[in-house]
Amino acid sequence: MGRSLALYLILDKEESPQPNRKVYAKFKLRVLDHRRINHSEKQLSHWFTTKNSKDSEWGSNEFVPLMDLYDPGCGYLNNDGTLIVHVEFAVVSEVN
């Protein structure tokens, strides 16, 4: 078992670009603190392609330490155990 929550954005195979095309995305991944005090956020950008699986996903292996995630004082988990994750796209484009 790892020590952190990992979050990734993955290119949908059903919506993938043609073989020689790429999709650029600039985006924010965010785990919300239900008390609205301590959101965890990372801004990322990546050229997604279908050539290999390494380029079809991008994110972070160490987004939030699990100790913080499960700590009630940090506020990431709601009372019912729900975790709220947002993704916000700033730029998305497809090129040859």
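The paragraphs below set out a description of the structure included in this document. (Residues numbered from 1 in each chain as written. Predicted model: local features only at pLDDT ≥ 70, side-chain atom pairs only at ≥ 80, totals over all residues. Heavy atoms only, no water.)

## Points about the overall build of the chain
So, point 1. Along its length, the chain carries one helix and five strands.
So, point 2. Each helix (α) and strand (β) of the chain, taken in turn from the N terminus, gives the series β-β-β-β-α-β.
So, point 3. Among the 96 residues that make up the chain, the fraction classed as buried is 28%.
So, point 4. The contacts of the chain with a sequence gap of at least 6 include a subset with a gap of at least 24, amounting to 64%.
So, point 5. By element, 48% of the accessible surface of the chain is carried by carbon and sulfur atoms, the whole surface being about 6800 Å². (Helix = DSSP H or I, 4+ residues; strand = E, 2+ residues; numbered from the N terminus. Buried < 20%, exposed > 50% of the residue type's maximum accessible area, 1.4 Å probe, protein only. Contact = heavy atoms within 4.5 Å. Areas by Shrake-Rupley, 256 points an atom, 1.4 Å probe, with all protein chains shown as cover.)

## Brief notes about a nonpolar patch on the surface
So, point 1. A grouping of Val-87, Phe-89 and Val-92 is seen on the molecular surface, where their side chains present a nonpolar patch of about 260 Å² in accessible area.
So, point 2. In this structure, Val-87 sits in strand 5 (residues 85–95). (Patch = residues over 30% accessible without salt bridge, like charges linked within 9 Å, V, L, I, M, F, W, Y side chains within 5 Å. Salt bridge = Lys/Arg side-chain N within 4 Å of Asp/Glu carboxyl O.)

## Brief notes about the sheet that holds strand 5
So, point 1. Spatial ordering of the open sheet is given by 3-2-5, a layout of three strands whose pairing is antiparallel. Where the open sheet ends on each side, the last strands, each with one partner, are strand 3 (40–48) and strand 5. Averaged over all pairs of adjacent strands, the angle between strand axes in this sheet comes to 10 degrees, irrespective of strand direction.
So, point 2. The pairing of strand 2 (residues 22–31) with strand 5 spans 10 bridges and is classified as antiparallel. Bridging from a neighbouring strand, Lys-28 pairs with Glu-88 of strand 5. (Pairing = 2+ DSSP bridges. Axes fitted to C-alpha atoms, helices over the stretch in contact; angles between N-to-C directions.)

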